Amino acid sequence: METKEYAEEPGQTLRDTSAAPADMRAAGESEESKRNRIDTCRKLAPAALVFALLCTLLLYKNGASVAVPLFVLAAGAFILRMMALAGKSRPKRGTWFCLAIMLLLAVSDCLTDNAFIIACNNAAIFLVLLTVLLHNYCDDTRWAFGTYFAAMLRCVGGSLGCVNDAARDLLCWGKASSKGNKQLLSALAGAALSAPLLAAVIALLCSADGGYAAQLGRLAEHIRVGAAVRIFLFFAAAFLGAYCSTRFLWQHRISCTAKERRQFPSAAACTSLFLFCIVYVSFTCSQFTTPPGAAVRPAAYAREGFFQLLAVSIINVLIVQTMLAHTKNNAALKVLLSVFCTCTYLMIASAAMRMIRYISYYGALTFLRVVVLWALAVLALLLSGQVIQIFRSRFPLFRYGFTVVCVCYAALSLARPDYWIASYNLAHIERNSGSLLHPELGELRQLAADTSCDAAPAFRRAGYLSVQGYNTKFDYTQILREKLEGKALSPRTWNFSRAQARKLTESAD
């Protein structure tokens, strides 16, 4: 059996003892290695067990309720406790900001009913959680976006690879435990081993006696075996995730230094940027000097050019990032990058104006259009950070970009965009129809279908929650009831948006 010794402090070289003599490997792990496993298990297992219990209680089939902020608080406490056990008494600068962003996104989960926002919130919480762990266990001072992304992948893969270590830790701890613990482990092992044979015996007895089978059937109606299995699997995944990720990070197996990769020749970079700048400057001039053709409708012109400008803006931001990461700065490169970024700013502004013109022409907001405008604003802010780094090479671009994306996304998430989308579109429908007595029913139905329960207050303010005196062909109250079907509101699953919508439907009766 191969064994490895891992460095105790970040930056130390890992010592691989897999090449030990055959007689040592045949004897299995050394006593010191077993003691280390037992000590690790005693430190990690109780905290991971409590965390897994809380995670299962709060999050099982419950990813959009008041329980999510409680889970984030539990996760933060677990992280800080594990850092203290690893000898890191004080979290690094920026940790509290990350935990605050996680808490804001968790609060957004229990305030909105938008499924896309909820999914993005939960994914963002996971990514920020990984960032907190890497930030505190590694020296990420000069890490770039690619370095952080690779480190995240390695952290996830390394945690999965530690499942075997977790099993061996628990086995060593079980062998060294007291007599009572050994008996408990033996009892659990006996139950697991006898389960298949017991199931076969029960099946034979049921086939032998129909009355006994009927009794077991009535008993099974009150015992949801499938749900119990799913809850156990969720708990096991939470426990292994907490235990294995912490154990992997304690081993310091992620490189703590970012490699310098400035290999792109400055002359080639300047030539490429010069050609791009010529094209972009000519395009920018044509935007102000050449009006669209008379045969092109304004809305079609805005829609047609928007997607291309958005794509070019994203490509430009990636080009600037590549140049900054892989090319040595000089005066010519700084000038060309400045012109390049200025043209990119103008393209972002042009794309935003085209989208705003398109929205105003049709008078209809959608969630996708709001997200696109938000993305353009974020692109402009990220580009501003790149401009600063052109003239200040030590500017922490990753931390700036991380902060910008976190703050901007938290603002979008907490804004409940479905409410503002419904308010804008209902005002447009009212202006076009002249009154609420003869609205565009197709537009109303489409708006009600596209928005979540967050839009209910906007429909109530517009007078569509009650059909008395208005067009009886459109009943938003019934649509709202359909959206609330299957969404319970117990103390564990309480959600502000759903509770507000349910209250409005009850008041409309």
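Residues numbered from 1 in each chain as written. Predicted model: local features only at pLDDT ≥ 70, side-chain atom pairs only at ≥ 80, totals over all residues. Heavy atoms only, no water.

*Asks:* Account for the packing of helix α2 (residues 31–59) against helix α3 (residues 67–85), with residues named and values stated.
*Replies:* Running from N to C, α2 and α3 cross one another at 170°; their axes reach a closest spacing of 9 Å. If you check the angle between α2 and α3, you find them roughly antiparallel. Across from Lys43, Leu44, Ala47, Ala48, Phe51, Leu54, Cys55, Leu58 and Leu59 in α2, the residues of α3 making contact are Ala67, Val68, Leu70, Phe71, Ala74, Ala75, Phe78, Met82 and Leu85. When its residues are assigned to classes, the contact of α2 with α3 shows 17 nonpolar, no polar and 1 charged. (Axes fitted to C-alpha atoms, helices over the stretch in contact; angles between N-to-C directions. Helix = DSSP H or I, 4+ residues; strand = E, 2+ residues; numbered from the N terminus. Parallel < 35°, antiparallel > 145°, perpendicular 65-115°, else oblique. Contact = heavy atoms within 4.5 Å. Nonpolar A, V, L, I, M, F, W, Y, C, P; charged D, E, K, R; others polar.)

*Asks:* Outline empty space enclosed by the protein, listing residues and values.
*Replies:* This model, assessed by the stated rule, comprises 1 cavity of 30 Å³ or more. What lines the largest cavity is Tyr137, Cys138, Phe248, Leu249, His252, Arg253 and Ile254. Residues of the lining of the largest cavity, tallied by class, amount to 5 nonpolar, 1 polar and 1 charged. (1 Å grid on protein atoms, 1.4 Å probe; cavity = no way out; pocket = protein on both sides within 12 Å on 5 of 7 lines; lining within 4 Å. Points joined across faces, edges and corners; volume = space filled by probe spheres on them.)

*Asks:* Any chance you could break down the nonpolar core for me, citing the residues and the numbers?
*Replies:* Judged by nonpolar contacts, the single largest core of 111 residues is most densely connected at Ile254, Phe459 and Tyr476. Beyond its immediate chain neighbours, meaning those up to four positions away, Ile254 contacts Leu134, Cys138, Trp143, Ala151, Arg154, Cys155, Phe248 and Leu249. (Core = buried A, V, L, I, M, F, W, Y, C linked by side-chain atoms within 4.5 Å. Buried < 20%, exposed > 50% of the residue type's maximum accessible area, 1.4 Å probe, protein only.)

*Asks:* Can you lay out unusual backbone geometry for me, pointing to particular residues and giving the numbers?
*Replies:* Backbone phi values are negative for most residues with the exception of glycine, while trans is the configuration of most peptide bonds. Of note, the phi angle at Lys61 is positive, near 50°, even though the residue is not glycine. By secondary structure assignment, the location of Lys61 is in the loop between α2 and α3. For Arg416, which is not glycine, the phi dihedral falls at a positive 55°. With respect to the helices and strands, Arg416 occurs in the loop between α15 (397–414) and α16 (417–433).

*Asks:* Describe the confidence of the model for the protein chain, listing the residues and the values that go with them.
*Replies:* As a note on interpretation, predicted positions should not be read in detail where pLDDT is low. On average, residues of the protein chain score 80 in pLDDT, and 81% of them reach the 70 mark or higher. Mean pLDDT across the elements of the protein chain ranges from a minimum in helix α1 (residues 22–26), with 36, to a maximum in helix α4 (residues 95–109), with 95. Ignoring residues within four places in sequence, the model shows residues 1–27, a span with pLDDT below 50, making 37 contacts including any to other chains. (pLDDT = per-residue confidence, 0-100.)

*Asks:* Any details on the packing of α4 against helix α5 (residues 115–137)? Residues and values, ideally.
*Replies:* Put simply, α4 and α5 touch, their axes get as near as 9 Å, and they point 165° apart. With respect to each other, α4 and α5 are oriented roughly antiparallel. Seen from above, α4 lies across α5 with left-handed handedness. When α4 is examined against α5, the residues Thr95, Cys98, Met102, Leu105, Ala106, Ser108 and Asp109 are found in contact with a partner set consisting of Ile117, Ile118, Asn121, Asn122, Ala124, Ile125, Val128, Leu129, Val132, His135 and Asn136. Along the lines of polarity and charge, the residues of the contact of α4 with α5 split into 11 nonpolar, 6 polar and 1 charged. (Left-handed = near helix turned anticlockwise from the far one by under 90°.)

*Asks:* Describe the pattern of salt bridges, naming the residues involved and giving the relevant values.
*Replies:* Two side chains carrying opposite charge are able to pair once their charged atoms lie near each other. Taken as a whole, this structure holds 9 salt bridges when the rule is applied. Here Lys487 makes a salt bridge to Asp113, at a shortest N to O gap of 3.1 Å. Separated by 374 residues along the polypeptide, Lys487 in the loop between α19 (476–484) and α20 (496–508) and Asp113 in the loop between α4 and α5 bring together distant segments of the chain. Assessed through its relative accessible area of 7%, Asp113 is described here as buried. The partner of Asp165 in a salt bridge is Arg247, and the shortest N-O contact between them spans 3.8 Å. Of this pair, Asp165 sits in helix α7 (residues 163–176) while Arg247 sits in helix α10 (residues 225–250); the two residues are 82 residues apart in sequence, bridging distant segments of the chain. By relative accessible area, Arg247 is classed as buried at 9%. Through salt bridges with shared partners, one network takes in Arg37, Asp165, Asp169 and Arg247. (Salt bridge = Lys/Arg side-chain N within 4 Å of Asp/Glu carboxyl O.)

*Asks:* Can you tell me about the packing of aromatic side chains, naming the residues and giving the values?
*Replies:* According to the stated counting rule, one finds 15 aromatic pairs in the structure shown. Relative to Trp420, the ring of Tyr419 has its centre 5.0 Å away and its plane inclined at 80°; by these criteria the two rings are edge-to-face. When its relative accessible area of 21% is taken as the criterion, Tyr419 is described as partly exposed. For Trp420, a relative accessible area of 54% translates into the label exposed. Plain terms: the ring middles of Phe459 and Tyr476 are 3.9 Å apart, the flat faces sit at 10° to each other, and that makes the pair stacked. Remark: Tyr476 occurs in helix α19 and Phe459 occurs in helix α18 (residues 456–462); sequence separation between them is 17 residues. (Phe/Tyr/Trp six-rings, centres within 6.5 Å; stacked < 30°, edge-to-face > 60°.)

*Asks:* Which residues make up the environment of Tyr280, and what values go with them?
*Replies:* Within the secondary structure, Tyr280 sits in helix α11 (residues 266–289). On the basis of relative accessible area, Tyr280 is assigned to the buried category, the value being 9%. In this structure, the C-alpha to C-alpha distance between Tyr280 and Met347, residues 67 residues apart in sequence, is 8.9 Å. Residues in contact with Tyr280, not counting those within four places in the same chain, are Val312, Asn316, Phe340, Cys343 and Met347.

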